[in-house]
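Spelled out from the first residue to the last, the chains are:
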Amino acid sequence: MDTPMEAYANVLLYAIPMLFSFVILEAGYSWCKGTRVFRSLDTISSISSGVANTLKSVLGLTVFIIGYEKMETHLAIYEVQASWQTYLIAFLSLDFATYWSHRLSHEVNFFWNKHVVHHTSEEYNLAVALRQPISEFVSLFFIFMFPAALLGVPPEVVAILTPVHFLLQFWIHTPHIGKLGVLEYIIVTPSQHRVHHALNDIYIDKNLSGVFCIWDRLFGTFQEELDEEPPVYGSTRPLDTWNPIKQNFAHLLMLIRDAWYTNSWWDKLRIWFMPTGWRPEDVQSRFPVRSVDQHSLVKFDTRASPALHAWSWFQCVLTTLMLMHLLLYFKEIGFPDLFIYGAFLFLTIYAYTALMDKDKNAFWIEGLRCLFGLAIIWYTADWFALPALRWVVAAELLISLAVVGWFVRESTYVNTENTKYSTLSNSTG
């Protein structure tokens, strides 16, 4: 019988191609309509973030402060049997927990770090849904499942519905579906979620529900999308990087730095629990952080040649295929080799997105990746349950290092001035 992690890996083998197919279909539809809701490097960044999140999840790198099974065992006042009513209660409980966990992420400095990556894209499309965190190593999510635990909803029901609940939030990340009439009063729609991803003053921290919009309407966080206020997407503190690893930890690093440099011991303590974006006054004056609004946003871009775009796509697709290999041979690879493979893929993502950023250290990062990969091959005479692949991977590592070296030497690369272009409103379709 498969372990829970093996079962999860098997589910992802089917889910990933399905999600990517919808991204491709939307991109084709957008191209046919003549709308520009996808940008090449932004989409690569989104996909890479999804790959990194999948790795973190499948390797079990999140610790739940209170696991649902333990909470249900100790708190249940009833023991209900699985029925359609049980599934309904469980689904509503998951949605309730999603709302409050999401709201906590938007309202508390420390918890914003695990969610900020989802708001880093300055576009809005299905690929943005893939921007999920790798920086959430400790989760409070199941604390908000208290009502379901109290009613004795079986953990098996929650385990089945959790991925379903997540997948139902994928389709709302599209600009091509308008308002949906009476459904706007029942479920979270693309129109409502466009509001959530916007940095317009009237839209910030609104529409935090997952599947049903009743929670926003009940707890005062609902905001309708207004025709006179087109959403402008992104974060009020742009990170200006395509690198999803940096995106995941930039806010946490700022909090650590601010806590270190502030002169107030009280500020060192409370900075973690203050509203999102709060900084000590003395640190804010010494280390100002650029902030934008819907009127001043200028989208981040890098002056990348067509060759760099093509190479970045090649690396992104290759990394995704390696992830599929890890999932397909999950049991055969086993632990601790799964962690070694995961570390290699994390380093790969960091390396090619550093090149996309025109990071001055891109060649050395790629060199480290090359040495790591060759060391794996040297010591194992294998490539994670497929020995025949070791020579292909070795050749790719050496060719990749040479290609990155060529890009770094090219004048189009070493000009590190990033371009900006202004799109102060976005089509909502």
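Predicted model only: the values in this text are computed from it and were never measured. (Residues numbered from 1 in each chain as written. Predicted model: local features only at pLDDT ≥ 70, side-chain atom pairs only at ≥ 80, totals over all residues. Heavy atoms only, no water.)

A.B. asks: Got a sec to walk through the packing of aromatic side chains? Specific residues and values, please.
C.D. replies: By the definition in use, this model includes 21 aromatic pairs. Note on F110 and W272: the rings are 6.4 Å apart at their centroids and 70° apart in plane angle, and the pair reads as edge-to-face. Taken together, the residues span a long stretch of sequence, with F110 in helix α5 (residues 109–112) and W272 in the loop between α11 (265–270) and α12 (281–286) at a distance of 162 residues. Ring centres of W383 and F384 lie 4.9 Å apart, and the angle between their planes is 75°; on these two criteria the pair is classed as edge-to-face. In terms of burial, W383 and F384 fall into one category: buried. Each member of the aromatic cluster is reached from another via a ring pair, and the members are Y341, F344, F372, W383 and F384. The side chain of R217 reaches across the aromatic face of F222, ending 3.8 Å from its centre. (Phe/Tyr/Trp six-rings, centres within 6.5 Å; stacked < 30°, edge-to-face > 60°. Helix = DSSP H or I, 4+ residues; strand = E, 2+ residues; numbered from the N terminus. Buried < 20%, exposed > 50% of the residue type's maximum accessible area, 1.4 Å probe, protein only. Lys NZ or Arg CZ within 6 Å of the ring centre and 35° of its normal.)

A.B. asks: Summarise the pattern of salt bridges; cite the residues concerned and give the values.
C.D. replies: If you walk through the whole model with that rule in mind, you get 13 salt bridges. We note a salt bridge from K299 to E123, for which the minimum N-O separation is 3.0 Å. Of this pair, K299 sits in strand β3 (residues 299–300) while E123 sits in the loop between α5 and β2 (138–139), and the two are 176 residues apart along the sequence. The same class applies to K299 and to E123, which are both buried. Note that E225 is salt-bridged to R194, the shortest N-O span being 3.1 Å. Highlighted residues: E225 in the loop between α9 (214–219) and α10 (244–261) and R194 in helix α8 (residues 190–197), separated in sequence by 31 residues. For E225, a relative accessible area of 7% translates into the label buried. Relative accessible area serves as the criterion here: at 1%, R194 is assigned to the buried category. (Salt bridge = Lys/Arg side-chain N within 4 Å of Asp/Glu carboxyl O.)

A.B. asks: Give me the nonpolar core: which residues, what numbers.
C.D. replies: Within the largest apolar cluster, 57 residues are counted, with the highest numbers of intra-cluster contacts made by V58, L326, L327, Y341, F344, L355 and W383. Going through the elements one at a time, α1 (4–33), α2 (40–58), α13 (306–328), α14 (330–333), α15 (337–356), α16 (362–380) and α17 (389–409) are the ones with two or more residues in this core. Broken down by element, the residue count for this core peaks at nine residues, all from α15. When neighbours within four sequence positions are excluded, Y341 is seen to be in contact with M322, H325, L326, I333, W383 and F384. (Core = buried A, V, L, I, M, F, W, Y, C linked by side-chain atoms within 4.5 Å. Contact = heavy atoms within 4.5 Å.)

A.B. asks: Just give me the short version of unusual backbone geometry, but keep the residues and values in it.
C.D. replies: Of note, the amide linkage connecting F335 to P336 takes the cis form, showing an omega dihedral of 10°. Mapped onto the fold, P336 is located in the loop between α14 and α15. Here D205, not a glycine, exhibits a phi torsion of approximately 60°, which is positive. Mapped onto the fold, D205 is located in the loop between α8 and α9. At D240, a position not held by glycine, the phi torsion is positive, near 50°. Among the structural elements, D240 can be located in the loop between α9 and α10.

A.B. asks: Would you mind going over the packing of α15 against α16 in detail, with residue names and values included?
C.D. replies: Remark: α15 packs on α16, axes separated minimally by 9 Å, with the N-to-C direction vectors making an angle of 155°. Between α15 and α16, the interaxial angle falls into the category roughly antiparallel. The hand of the α15/α16 crossing is left-handed. Here α15 contributes I340, A343, F344, L347, T348, Y350, A351, A354 and L355 to the contact with α16, which in turn contributes A362, I365, E366, L368, R369, F372, G373 and I376. (Axes fitted to C-alpha atoms, helices over the stretch in contact; angles between N-to-C directions. Parallel < 35°, antiparallel > 145°, perpendicular 65-115°, else oblique. Left-handed = near helix turned anticlockwise from the far one by under 90°.)

A.B. asks: Outline the side chain of T262, listing residues and values.
C.D. replies: Inspection of the secondary structure assignment puts T262 in the loop between α10 and α11. Residues within four places of T262 in sequence aside, it is in contact with D267, K268, P280, D282 and V283.

A.B. asks: Got a sec to walk through a nonpolar patch on the surface? Specific residues and values, please.
C.D. replies: Taken together, the side chains of M18, F22, L25, F166 and L167 make up a nonpolar region of the molecular surface, amounting to roughly 470 Å² of accessible area. The element contributing the most residues to the nonpolar patch is α1, with three residues. Structurally, F22 can be placed in helix α1. (Patch = residues over 30% accessible without salt bridge, like charges linked within 9 Å, V, L, I, M, F, W, Y side chains within 5 Å. Areas by Shrake-Rupley, 256 points an atom, 1.4 Å probe, with all protein chains shown as cover.)

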